[in-house]
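# Overview (structure and organization)
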Amino acid sequence: MSQITYLEAALQAIREEMRTNPRVFVMGEDIQSGVFGDFGFNEFGGARVRNTPISEAAFVGAGIGAALTGMRPVVDLQCSTFLYSAMDQVANQAAKIRYMFGGQSNIPLVIRAAVFYGVSAAAHHSDRPWGLFAQVPGLTIIVPTTPHDAKGLIKSAIRGGNPVLCLEELSLRRQYGEVPDHDYTVPIGSAEVKCAGTDLTIVAVASAVHTSLAAAHMLTDDGISAEVIDIRTVVPMDRQTICKSVAKTGRLIVVDPAPGTCSVASEVSATVAEASFVRLRGPIIRLTAPDVPVPFSRDLECLMYPTADKIVAAGRRLCRQRIAATG
């Protein structure tokens, strides 16, 4: 096992796949070196490491074309909101080509983008668009939260045959974690129970997973045992793991730093309401950002997102009767 950062784990995944499969190549804005530093791709030469102009529609389209010819491109857009400039290529081409061609073609394309929020990047650079792109049938969406998962999920994405959108939260890229030294993958479509509990289920996305783990620890002071689930894959969502947990605990909080309308939090809530309603002992609580553009002021921006204290307060409300009974 090695202790490496989230970003290095993601880059290791790409470099290792490039060494074993000559069809894997990278392209994108400042892919050789730029705002995030040197990505360590020099060993592969210019033919497999393509710096592109700032024209997202053009190079995402080029990646789709390369995937159709049997290559396995990894396209880097740097910032998740830059995806909007390539929306037609992502939503109308990459996501739909297999269906429109009658299943005759695969699209082994991975699109990476950093998700900026909580860093005073202002409205144009601070969206959390996993819920928005979940509305596009044909896309796979992964949101790793640890170095281990970043490496394993990206390897699975590169080896698969589907267009995969990998959204990597900027605040997590410098976090260290243990990563196996041997080759491994993390299966796409599998959530992870980060800590087991019996009184309350907390389902979280992106860095909200770490916030939820902190809240779960705080709730132990009230005698509340919280189970925290990291979604990891937004599409396809691991509904079975979520519903199994709720069947055990009877209570659900969903923590999603994206706006609440048509969000991942809404989808998780609807899934449990439809499949596990009779198991619920209280209302489902969604903790999300408000439906407003992100302000530039860090103080104002930080007020938008779910915090450990907000999760703890929600957990206490849901478990009030249990606390009274044990108190």
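These numbers come from a predicted model, not from an experiment.

## Quick notes on the overall build of the chain
- Assigned secondary structure in the chain consists of twelve helices and 16 strands.
- Considering only C-alpha atoms, the chain reaches an extent of 65 × 45 × 40 Å along its principal axes.
- Summarising the internal contacts of the chain: among those between residues at least 6 apart in sequence, 80% fall at separations of at least 24.
- When the accessible surface of the chain is totalled, it reaches about 13800 Å², and 54% of it is carbon and sulfur.

## Remarks on the layout of surface pockets
- By volume, the largest pocket amounts to about 250 Å³.
- What lines the largest pocket is a set of 16 residues, among which Arg128, Pro129, Leu132, Ala258 and Pro259 lie closest to the centre.
- Going through the elements one at a time, helix H5 (130-133) and strand S15 (252-259) are the ones with two or more residues in the lining of the largest pocket.
- Looking at the lining of the largest pocket element by element, the count peaks at three residues for H5.
- Looking at the lining of the largest pocket residue by residue, the classes come out as ten nonpolar, four polar and two charged.
- Of the domains in this structure, domain 1 (2-179) and domain 2 (192-326) are the two that each give at least three residues to the lining of the largest pocket.

## Thoughts on the packing of aromatic side chains
- This model, assessed by the stated rule, comprises two aromatic pairs.
- A ring pair is formed by Phe39 and Phe41, whose centres lie 6.3 Å apart and whose planes are at 80 degrees; its orientation type is edge-to-face. Both residues of the pair, Phe39 and Phe41, belong to the buried class.

## A closer look at unusual backbone geometry
- Residues Val235 and Pro236 are joined by a peptide bond in cis, for which omega reads -5 degrees.
- On the secondary structure map, Pro236 appears in the loop between strand S14 (233-235) and helix H8 (239-249).
- Positive phi outside glycine occurs at Gln78, with the angle close to 65 degrees.
- Counting through the fold element by element, Gln78 comes out in strand S6 (residues 72-79).
- Judged by its relative accessible area of 14%, Gln78 falls in the buried class.
- In this model, Cys262 sits at a positive phi of 55 degrees, which is unusual for a non-glycine residue.
- In this fold, Cys262 is placed in the loop between S15 and helix H9 (264-275).

## Quick look at the sheet that holds strand S5 (residues 49-51)
- With mixed pairing, seven strands are arranged side by side in an open sheet as S5-S2-S6-S7-S9-S8-S14. Each of the sheet's edge strands pairs with one partner strand only, and the pair in question is S5 and S14. Geometrically, the sheet is characterised by an average inter-axis angle of 20 degrees between neighbouring strands, direction not taken into account.
- Across two bridges, the pairing between strand S8 (residues 140-142) and S14 is antiparallel.

## Some thoughts on helix H3 (residues 87-94)
- Within H3 the residues assigned to the buried category are Val90, Ala91 and Ala94. Looking straight down H3, one finds that the buried residues subtend no more than 120 degrees of arc, so they occupy a single side.
- Against the buried residues of H3 lie helix H2 (56-68), helix H4 (97-100), strand S7 (110-115) and H5.

## Things to note about the packing of H8 against H9
- Running from N to C, H8 and H9 point in directions that differ by 60 degrees, and their axes come no closer than 10 Å. The angle between H8 and H9 places the two elements in the oblique class. The handedness of the crossing between H8 and H9 comes out as right-handed. Together, Arg239, Ile242, Cys243 and Val246 of H8 and Glu267, Val268, Thr271, Val272 and Ala275 of H9 make up the contact between the two elements.

## So, the domain arrangement of the chain
- Split by domain assignment, the chain resolves into domain 1 (2-179) and domain 2 (192-326).
- Between the C-alpha centres of domain 1 and domain 2 the distance comes to 27 Å.
- Across the boundary between the two partners, domain 1 contributes 26 residues, which contact 29 residues of domain 2.
- Where domain 1 abuts domain 2, roughly 2100 Å² becomes buried across the two surfaces, and 55% of that area is made up of carbon and sulfur atoms.
- Broken down residue by residue, the surface that domain 1 buries against domain 2 is led by Ser120, Arg128 and Trp130, which jointly contribute 28%.

Parameters at a glance
- The written sequence of each chain sets the order in which its residues are numbered from 1.
- Note on the predicted model: pLDDT of at least 70 is required for a residue's local features to be given, and 80 or more for side-chain atom pairs to be given and counted; whole-chain, interface and lining totals, by contrast, use all residues.
- The basis for the side-chain values is all heavy atoms of the structure; hydrogens and waters are excluded.
- Comment: elements are numbered from the N terminus, with helices defined as DSSP H or I runs of at least four residues and strands as E runs of at least two.
- Contacts were defined at the residue level, with two residues in contact if any of their heavy atoms lie within 4.5 Å.
- Per-residue and other accessible areas were derived by the Shrake-Rupley procedure at a 1.4 Å probe size, with only the shown protein chains allowed to occlude residues.
- Cavities and pockets are found on a 1 Å grid laid over the protein atoms alone: a cavity is a set of points where a 1.4 Å probe fits but cannot escape, a pocket is an open set with protein on both sides within 12 Å along at least five of seven lines, and a lining residue has an atom within 4 Å of such a point.
- Grid points are joined across faces, edges and corners, and a volume is the space filled by probe spheres set on the points.
- We call Asp, Glu, Lys and Arg charged. Ala, Val, Leu, Ile, Met, Phe, Trp, Tyr, Cys and Pro are nonpolar, and the rest, Gly among them, are polar.
- Domain borders in the structure are assigned automatically or taken from a domain database.
- Classification of ring pairs rests on two measures: the distance between centres of Phe, Tyr or Trp rings, Trp counted by its six-membered ring, which must be within 6.5 Å, and the angle between planes, read as stacked under 30 degrees, edge-to-face over 60 and tilted in between.
- Accessible area is worked out with a 1.4 Å probe on protein chains only. A residue is then buried under 20% of its type maximum, exposed over 50%, and partly exposed in between.
- Any two strands with at least two DSSP bridges between them are considered paired.
- Axis geometry follows a simple rule: fit a line to the C-alpha atoms, using only the stretch in contact for helices, then measure angles between N-to-C directions, giving values from 0 to 180 degrees.
- Of all possible arcs, the one meant is that of the directions from the helix axis to the C-beta atoms.
- Working definition: roughly parallel below 35 degrees, roughly antiparallel above 145 degrees, roughly perpendicular at 65 to 115 degrees, and oblique for all remaining angles.
- If you view the pair so one helix is near and one far, a crossing is left-handed when the near helix is turned anticlockwise from the far one by less than a right angle, and right-handed when it is turned clockwise.
- Here the quantity called buried area is the total loss of accessible area, with a 1.4 Å probe, experienced by two parts when brought into contact, counted for both.

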